[in-house]
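Coordinates in review
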Amino acid sequence: IVGHLSGSLGPRGPCTTLAILDGITTGIVVNTWRPLFPGDPGHRWCKGTYKAYRAIVEQLEKYWVLAVVYTSGRVPPLVPWTSALGVMAEHLKRLSAIVLREMSQEAANEFANANGNPQHIPLSHAVMSCERSWNSPNVVAILQGVCQDLLQREVATLQKARLHVLERAQRWKEAYHYAIYHGHISKSLSYMVRAGRHHDVLSMVNHQHALAVNGKCVAVCTELCASDCVDYSYRIALYCAFHNDGDPPAPMPGMNPMHNRMPYVYWLLDQLKNKMAPREWEQRVATPITGSDIDAVRRECLQWARHISSPPQDFCIELHEDLPQTPAHATYSHAFNVVERVAALSAVVHPSLHILCAKVFLRHGDVTGAMSIVLCAGSQGHALLAWALNQLAPRVGFSMLAPLVAELDTRSISIDGQMLIALGLLAALQQNEAITWAKNAQKTGLPCDEQALGNAAFQESRHYRACDLEPFVLAARQSGDGSTAELLAEIQMWWQPSWAHFKTLETVVSSQKAALRRQELYSLVLNDATCRAEFRFEVLVREGQLQNATNVIISVAKGDPQLALTSLQAALETLGGHIVKSSGIMDSLWPWLQELVQFGEGVDPVIEWLVPHFPQQILQAFNQKVDAAQQELLDSDLSNSMTTHESKHRLRTWLVRARRMHFACKQEAQWEERFLELTRTLRRKSNLQSVWSDLLSDDGDGSAEDEDGGEMAVGD
C-alpha cells in the first residue's frame, strides 16, 4: 500500500491502491458475514473473533482514509474525482451497513470506544473522506483560514491524513490554517515558521501558554535557527523558559512544575556552546572566569534581566526587541553574552529556577555560568548557596562564596535551611563555621541553655524533630574540640533519641555519663508514646525487652496500621538480620504478624524482609494458605459462578503471595517442586491463564480482577 501511494509502481499506482483496498475490504466484510447466524445455532463464533474483526476493519479504515485523501489530492488529478468518490462512498456505505449488522451491539460499542468516538460506525471515516473531498466548500474554507464554524471539524483520522498530504506537498500556509482550525497549536507553529510568518510565533506562544510546556516549542526554535532567525529563536526559548505568567500543575506528584521549562535551557546551552570558539568554551568549563570584564558582563546582564522581568514591563513585549548586541571592543563573543543573560534570568525570574538552571549549567560543564547564577541570586537564595557550597566550592574554592555566606541572615532562614548551609560549609572544608551554623540551628527551641542540656530531664516529653549532627560531631572530634563534640551529641540526643545517636554520644562522654544516658533513653522509649516507633522498638529489642517492643508496634497499629508496619520494617533493617535472629524477637512478633497475613497484603513487605532469616516458619504458613485455598475451590459449588469466582481469586492471591516469599529467600526450586502439579494445571487450562499470568508478572501483587467469566477447571 505504501509503495502504491508513493507512486513507485507507476503513475497509476495510487489509483491501484483503491482497487486493492476495495478487494481486501469487500472480502473481509462479505466472507466474514454470516446471514443465518441469528437463526441457526450451528453458526458459532470462536472466542476473540469480534476483537480480531474489529482490529482488521479499524486498520483498513485508516488505509482507506489515507489512500482517498492522498489520491484525490494529486495535482493534476488523474481521473474526474467527483464522480469516482461518489461511487466509492456508496460502496463503503453498503459495506459499513453489513459490518454494523454483523457486529453485536456490545462489539459495536467496543469498536466505537476504541476509536475515541461513541458514535463511530465502522468505515464511516472512510465514507467521510470520500464525501469531503479537497474541493468541497467547507474544506476549502478551512484551508484558506476563513472557516469560523467549529462544527465543520473533521475526525482525527482524516486530520492526520490531510496534514500528512499537505506536509509532503509543502503547502505550509494551508497546513497552518488546517492545523490551527483543528486545535493542533504546536504543529501550527512549525507550519507558521515554514510559511515565513516567523515573527508571529512569540505572540502565539504568549497567547497559548500551554505551548511552552514540556519542550513543545523546542522543535520550533530549531526550525527558526535553520531559517537564519537565530536571535529570534533565542528569544522564543528565553520566553518559554522564563515567562512569569504561571505554570500548569507538575506532571507528577512531588515534581517541581518548573521542570517543564528545563528543555529550553538545555537547548539554549547546546546552541550557544556550538556558537562559541572552542577556546572560549574551555575557559568557561575549566574554572570560573574572573576579572573586570566578566564582572561588567554580569552586572549588565543582571540589570537587563531585572528590567524585562519585573512589572510593569511585559516580558513578551520586551522580547520582541532584539537581544542587546555585544560591544565591538569586547573580548568575548555574542554567544558568551547570551549565556550570561540566560544565567541572569535564571537568578531573578523565579526562586524555583535557581537550582534547576544551575544544575543544567553544571551538567554542561559550564562552571562559569553556574557561578554567575549563584552570584546574581546573592544571599537571597540560601538553598542555591547551600548547593553551590556542596557542588561548586570543591571545584572553585570557598573564596568566591565567602561574601555571600557572610551576608546571610539566620533569622530569615528555617532550621532546615540553616542545616543545608552547615552541610555545604562542611563540604567546602570550612569546619569551624559549619559547626557554628549547625549548633545555632539546632539550639533553637531547647528548654534551657545548651551548656546545661546534659542535666535536663531526658525522660520528659518534648517536641521531637529530625536532627542529624553526626558529621559535625565527627568534625569537632577530628579538630580536637571535645566539648563542642559532646554538646552537639547531647543536642542530637535531645531532639531525636535513638540507639544510633546514643552510640555517637558514647564516644565523646565518660562511661559513667554514657550509662546514665542509656538508662534515660530506655525509660524514655518505654514510657513516651510520642517518640518515633522505630526508635522505641530498636532500643527495647537491644535492651532485651522483646514483649514491650512488640507491644509498642501493636499499640501504634491500632491507630495507624501502615505507620506501624513502616516503622517495624525500618527498625528491623536497622537492627540487621543477625540481631533479629539472635534476639528472639520473632517469637513475640510472629503471632501478631500471622493475624495480619490473612487479612491482606499490606504486611508482605515486612514478611519479605523476614523470610530469608526465618524461611521454614514463614514458608510453611504460606504453603498452608495455598493448600487451604485449593481445597476450598475443590469443595465449592461449581454451579454457583459467584462462589467459584471468589474461590479462584483467593487461590490466585495466595499463590502469588507464596511465590513472592519463596523467591525472596532464593527458594525458586522448592517453589516449583512444592506446587509442580498445580503450576502444570495453570499452564494447561485455558480458563486459568489469568492466574498463570499473575504468577509470571514482575510485581505479582495478585490483586487484579479475574477477566475470565468461565468456571475454573478443578480436574487433575
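Residues numbered from 1 in each chain as written. Predicted model: local features only at pLDDT ≥ 70, side-chain atom pairs only at ≥ 80, totals over all residues. Heavy atoms only, no water.

**A few points about the overall build of the chain**
When helices and strands are tallied, the chain shows 40 helices and 0 strands. Taking all 716 residues of the chain together, the buried fraction comes to 47%. Restricting the contact set of the chain to residue pairs at least 6 apart, pairs at least 24 apart contribute 68%. Entry remark: accessible area of the chain is about 34600 Å², with carbon and sulfur atoms responsible for 52%. (Helix = DSSP H or I, 4+ residues; strand = E, 2+ residues; numbered from the N terminus. Buried < 20%, exposed > 50% of the residue type's maximum accessible area, 1.4 Å probe, protein only. Contact = heavy atoms within 4.5 Å. Areas by Shrake-Rupley, 256 points an atom, 1.4 Å probe, with all protein chains shown as cover.)

**A closer look at the packing of aromatic side chains**
Summed over all chains, the structure comprises 4 aromatic pairs. Arranged with centres 6.5 Å apart and planes meeting at 65 degrees, the rings of Tyr234 and Trp267 form a pair that is edge-to-face. Pair noted here: Tyr234 is in helix α13 (residues 230-242) and Trp267 is in helix α14 (residues 262-275), with a separation of 33 residues, a long-range link. Accessibility classification places Tyr234 together with Trp267 in one group, the buried group. Look at Tyr332 and Phe336: their rings are 5.5 Å apart centre to centre, the planes differ by 35 degrees, and that puts the pair in the tilted class. The class for Tyr332 is buried, based on a relative accessible area of 18%. On the accessibility criterion, Phe336 (5% relative accessible area) is buried. Seen from the ring of Phe336, Arg284 lies directly overhead, with NZ or CZ sitting 4.6 Å from the centre. (Phe/Tyr/Trp six-rings, centres within 6.5 Å; stacked < 30°, edge-to-face > 60°. Lys NZ or Arg CZ within 6 Å of the ring centre and 35° of its normal.)

**So, the confidence of the model for the chain**
Predicted confidence across the chain gives a mean pLDDT of 76, with 77% of residues reaching 70 or more. The secondary structure element of the chain with the lowest average pLDDT is helix α40 (residues 689-696), at 47, and the one with the highest is α14, at 88. Across residues 247-255 the pLDDT falls below 50, and counting only partners more than four positions away or on other chains, this stretch makes 12 contacts in the model. With pLDDT under 50 throughout, residues 698-716 is counted as low confidence; its partners more than four residues away or in other chains account for 43 contacts. (pLDDT = per-residue confidence, 0-100.)

**Observations concerning the pattern of salt bridges**
Considering all chains together, one arrives at 21 salt bridges under this definition. A salt bridge links Glu486 to Lys513; its shortest N-O distance comes to 2.7 Å. Of this pair, Glu486 sits in helix α27 (residues 482-495) while Lys513 sits in helix α29 (residues 511-527), and the two are 27 residues apart along the sequence. Given the relative accessible area of 24%, Glu486 is considered partly exposed. A salt bridge links Glu520 to Arg517, with the nearest nitrogen and oxygen atoms 2.8 Å apart. Taken together, the residues span about one helical turn, with Glu520 and Arg517 both in helix α29 at a distance of 3 residues. Comparing Glu520 with Arg517, the two get one shared label, buried. Taken together, the salt bridges that share partners define one network made up of Glu486, Glu490, Lys513, Arg517 and Glu520. (Salt bridge = Lys/Arg side-chain N within 4 Å of Asp/Glu carboxyl O.)

**Re the nonpolar core**
Membership of the largest hydrophobic core comes to 185 residues, with the highest contact counts inside it found for Phe242, Leu392, Phe537 and Leu610. With residues near it in sequence (within four places) discarded, Phe537 still touches Ala549, Thr550, Ile553, Leu568, Ala571, Leu572, Leu575, Ile585 and Leu589. The next biggest cluster of nonpolar side chains, apart from the first, holds 13 residues, and it includes Leu85, Ala89, Ala126 and Val127. (Core = buried A, V, L, I, M, F, W, Y, C linked by side-chain atoms within 4.5 Å.)

**Some details on the side chain of Gln159**
Structurally, Gln159 can be placed in helix α8 (residues 156-168). The residues touching Gln159, leaving out its near neighbours within four places in the chain, are Glu154, Tyr178, His182 and His184.

**Topic: the side chain of Gln492**
By the element assignment, Gln492 lies in helix α27. Gln492 gets classed as buried once you look at its relative accessible area, which sits at 0%. Those residues in contact with Gln492, other than ones at most four positions away along the chain, are Cys467, Asp468, Leu469, Glu470, Pro497, His501 and Thr504.

**Some thoughts on the environment of Glu321**
Along the chain, Glu321 turns up in the loop between α17 (315-319) and α18 (334-348). Along the chain, Glu321 and Tyr232 lie 89 residues apart, while their C-alpha atoms are 9.0 Å from each other.

**Overview of α18**
In an α-helix, one turn spans 3.6 residues, which is why side chains three or four residues apart end up on the same side. Look at α18: 21 Å from first C-alpha to last across 15 residues, which is about the 21 Å you get at 1.5 Å a residue. Burial runs high along α18: 13 of the 15 residues are buried. (Expected span 1.5 Å × (residues − 1).)

**Re unusual backbone geometry**
Positive phi, close to 70 degrees, is recorded for Leu123, a residue that is not glycine. The topology assignment puts Leu123 in the loop between α5 (105-114) and α6 (124-131). Using a relative accessible area of 0% as the deciding quantity, one classes Leu123 as buried. Not every positive phi belongs to a glycine, and Leu429 is a case in point at roughly 65 degrees.

**A few points about the state of the cysteines**
Under the defined criterion, the tally for this structure stands at 0 disulfides. The structure places no disulfide on Cys301, whose sulfur is separated from the nearest cysteine sulfur, that of Cys376, by 7.9 Å. A relative accessible area of 1% means that Cys301 is categorised as buried. (Disulfide = S-S within 2.5 Å.)

**A look at the environment of Ile579**
One can find Ile579 in helix α33 (residues 577-583). For Ile579, a relative accessible area of 25% puts it in the partly exposed group. Note: C-alpha distance between Ile579 and Arg542 (37 residues apart in sequence) is 8.3 Å.

**What to know about the packing of helix α25 (residues 431-442) against helix α26 (residues 470-478)**
Contact pair α25 / α26: the axes reach a minimum separation of 10 Å and the direction vectors enclose 135 degrees. By the angle between their axes, α25 is oblique relative to α26. For α25 against α26, the interelement crossing comes out left-handed. When α25 is examined against α26, the residues Gln431, Ala434, Ile435 and Ala438 are found in contact with a partner set consisting of Phe472, Ala475, Ala476 and Gln478. Residues of the contact of α25 with α26, tallied by class, amount to 6 nonpolar, 2 polar and no charged. (Axes fitted to C-alpha atoms, helices over the stretch in contact; angles between N-to-C directions. Parallel < 35°, antiparallel > 145°, perpendicular 65-115°, else oblique. Left-handed = near helix turned anticlockwise from the far one by under 90°. Nonpolar A, V, L, I, M, F, W, Y, C, P; charged D, E, K, R; others polar.)

**As for the packing of helix α7 (residues 137-144) against helix α9 (residues 172-181)**
Where α7 meets α9, the axes come as close as 6 Å, and the angle between the chain directions of the two elements is 105 degrees. As the angle between them shows, α7 and α9 are arranged roughly perpendicular. Every residue of α9 that contacts α7 at Ile142, Leu143 and Gln144 is listed here: Glu174, His177, Tyr178 and Tyr181. Residue classes in the contact of α7 with α9 are distributed as 4 nonpolar, 2 polar and 1 charged.

**Observations concerning the environment of Leu319**
The topology assignment puts Leu319 in helix α17. Among all residues touching Leu319, those that are not within four sequence positions of it are Leu202, Arg235, Leu238, Tyr239 and Ile308.

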